[in-house]
Amino acid sequence: MQTRVIMLVDLDYFFAQCEELRNPAFKDKPVVVGMYSGRTEDSGAVSTANYVARKYGVKSGVPLFLAKKRLEGTEAVFLPVDYAFYEQVSDKIMPALRGFADAFEQVGIDEAYLDVTQKVQGSFEAAAVLAQKIKGDVRNQHGLTFSVGVGPNKLVAKIACDSQKPDGLTVVKPGEVAFFLSPLPVDRLIGVGRKTAAKMESLRIRTIGDLARFDVQRLVEVFGKNLGVYFHNAASGVDDEPVQEAGEAESISRIATLKENTRDLALILEKTSQLIEDVCKELAERKLGFKQVGIIAIMTDLSVHSRSQTLEKAVSDVEVLRETVRELFEKFLVESELEIRRVGVKISHFTKEEVEQKQLTSFFQST
Ligand code: DCP
Ligand code: CA
Ligand code: CA
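Residues numbered from 1 in each chain as written. Chains lettered and ligands numbered in written order. Predicted model: local features only at pLDDT ≥ 70, side-chain atom pairs only at ≥ 80, totals over all residues. Heavy atoms only, no water.

Colleague: I keep staring at the packing of aromatic side chains and nothing clicks. Help me out?
Modeller: The geometry of two aromatic rings is summed up by the distance between their centres and the angle between their planes. The full count for this structure, using the stated rule, is seven aromatic pairs. For the pair Tyr13 and Tyr51, a centre-to-centre distance of 5.6 Å together with 75° between the ring planes defines the contact as edge-to-face. With Tyr13 in the loop between β1 (6-11) and α1 (14-22) and Tyr51 in helix α2 (residues 51-54), this pair connects stretches of sequence that are 38 residues apart. On the basis of relative accessibility, which here comes to 12%, the residue Tyr13 falls in the buried class. Members of the aromatic cluster, each reached through a chain of ring pairs, are Phe14, Phe15, Tyr83, Phe85 and Tyr86. Here the basic side chain of Arg54 rests over the ring of Tyr51, its NZ or CZ set 4.1 Å away from the ring centre. Residue placement shows Lys68 over the ring face of Phe78; its charged tip is 4.8 Å from the ring centre. (Phe/Tyr/Trp six-rings, centres within 6.5 Å; stacked < 30°, edge-to-face > 60°. Helix = DSSP H or I, 4+ residues; strand = E, 2+ residues; numbered from the N terminus. Buried < 20%, exposed > 50% of the residue type's maximum accessible area, 1.4 Å probe, protein only. Lys NZ or Arg CZ within 6 Å of the ring centre and 35° of its normal.)

As structure tokens, then:
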């Protein structure tokens, strides 16, 4: 099975770069975009600054009066946040990026994950070439630069991207993940904030490598089961979160890890039956019917597979869902070879009709 090729694109010094875009004369000067709180002329904090300003120690979060002081004697430009304009810029870039991906997920105003596995046929070399092409296109057509990380999953792609900015391109192949991650400080992992980092420090865990080598059992004792296991996996560069299209927000799904890796249908259905209950609860709350049922299987090699079936008509019936999920997994097990690590259930293609009909029927029944 093919490993995934995931990119994280993050636009450089975004708010400040947008300001340079509409005013190119700013480019060589320190540019500071500030959130002015309005109490006094200089109260508030730096939202972001271009890389010229960063050389003076001016970056996100620095108080504005301090930024002014650090930039004294320079031709620094201070501007207020114009979120509507940055959103307009973002709304032009994101569709352009989407065109390069098999699956696309925007996260925040200046960042997006691209699953390009099919586009590059699983090749990280081809992904590097593709990344350069996207950089060129975005620069020529929109006048903006970004940094990009390429890795076998979202976690590695994100850290790779952060490791070289601005205008960076960092590729971490599956075989290089441990080498790449292990020297980095633990707080580079999402979920490791100041407090957690301090706690880890007291356990002599400083680098991601320290964390990966640390006994999982003890991590679970200190941080609880979910976090402990998450930290262990993350430090080892393991992450199987799919790149999820926003359009798929028009679906309800749940994913869970099996007790053990398995190909046993009964064990799989035991897990999916819990997921189905959750899905149906949300379905009932949102008063919807569904017309498509999908399953997700994440294998021991972390490859992600999905299968779906469209129903003849929309329903809101839990039994139909159970039966369809069973059929899809039965079929999938025949087509696949590896053991399954995580399973998911998804419903989509919602309608309100079925529910309205039902409400009518129950109305007549109750009178
Ligand atoms: N932002 C903010 N306050 C922060 C962090 C960010 O207002 N503390 C805003 C301004 C940034 C935008 O969000 O331009 C994107 O945040 P990033 O963390 O991606 O930072 P930049 O794009 O500014 O810089 P970089 O080149 O490091 O990505
Ligand atoms: Ca950015
Ligand atoms: Ca960002």
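Colleague: Mind showing me how you'd approach the site of ligand 1 here?
Modeller: In the vicinity of ligand 1 there are 13 residues, among which Tyr13, Ser47, Thr48, Tyr51 and Lys165 approach most closely. Within the backbone of Leu11, one N or O atom sits 3.3 Å away from an oxygen atom of ligand 1. The separation between an oxygen atom of ligand 1 and a polar main-chain atom of Phe15 is 3.0 Å. Contact with the protein chains removes 69% of the 550 Å² of surface that ligand 1 exposes when unbound. Counting only elements with at least two residues in the shell around ligand 1, the list comes to β1, α1, β3 (44-49) and α2. Across the shell around ligand 1, the residue classes break down as five nonpolar, three polar and five charged. (Near = heavy atom within 4 Å. Polar contact = N/O pair within 3.5 Å; in protein donor to acceptor, adjacent residues only side chain to side chain. Areas by Shrake-Rupley, 256 points an atom, 1.4 Å probe, with all protein chains shown as cover. Nonpolar A, V, L, I, M, F, W, Y, C, P; charged D, E, K, R; others polar.)

Colleague: Explain the nonpolar core here, please?
Modeller: Within soluble globular proteins, side chains that are nonpolar tend to cluster in buried spots. With 38 residues, the main nonpolar core has Met7, Phe14, Tyr86, Leu97, Leu114 and Ile134 as its most contacted residues. Those elements giving two or more residues to this core turn out to be β1, α1, β2 (31-36), β4 (77-80), α4 (83-98), β6 (111-115), α5 (124-142) and β7 (146-151). Residue contacts for Ile134: discarding those within four places in its chain leaves Met7, Leu97, Phe100, Leu114 and Phe146. (Core = buried A, V, L, I, M, F, W, Y, C linked by side-chain atoms within 4.5 Å. Contact = heavy atoms within 4.5 Å.)

Colleague: Whenever I open this one, the coordination of the calcium ion (ligand 3) confuses me. Can you help?
Modeller: Metal coordination angles have textbook ideals: 109.5 degrees for a tetrahedral set of four donors and 90 or 180 degrees for an octahedral set of six. The coordination sphere of the calcium ion (ligand 3), as far as protein atoms go, consists of Asp10 (OD), Asp10 (OD), Asp110 (OD) and Glu111 (OE), spread over 2.2 to 3.1 Å. Along the chain, the residues donating to the calcium ion (ligand 3) are arranged with the sequence spacing D-x99-D-E. (Donors = N, O, S within 2.8 Å, 3.2 Å for Na, K, Ca; no water.)

Colleague: Whenever I open this one, the environment of Val58 confuses me. Can you help?
Modeller: Take Val58: it is sitting in the loop between α2 and α3 (64-70). On the basis of relative accessible area, Val58 is assigned to the buried category, the value being 0%. Leaving out residues up to four positions away in the same chain, Val58 has contacts with Val32, Val46, Ala49, Ala53, Ala67, Arg70 and Leu71.

Colleague: How do you make sense of the coordination of the calcium ion (ligand 2) when you look at a structure like this?
Modeller: Around the calcium ion (ligand 2), the donor atoms from the protein are Asp10 (OD), Leu11 (O) and Asp110 (OD), and they sit 2.1 to 2.3 Å away. Between the six donor atoms coordinating the calcium ion (ligand 2), the angles at the centre fall across 80 to 170°, so the site counts as octahedral. Sequence positions of the residues that donate to the calcium ion (ligand 2) give the spacing D-L-x98-D. The distance between the calcium ion (ligand 2) and the calcium ion (ligand 3) comes to 3.5 Å, with Asp10 serving as a donor to both metals. The same class applies to Asp10 and to Leu11, which are both buried. (Tetrahedral: all angles 85-135°; square planar, octahedral: opposite > 155°, others 65-115°.)

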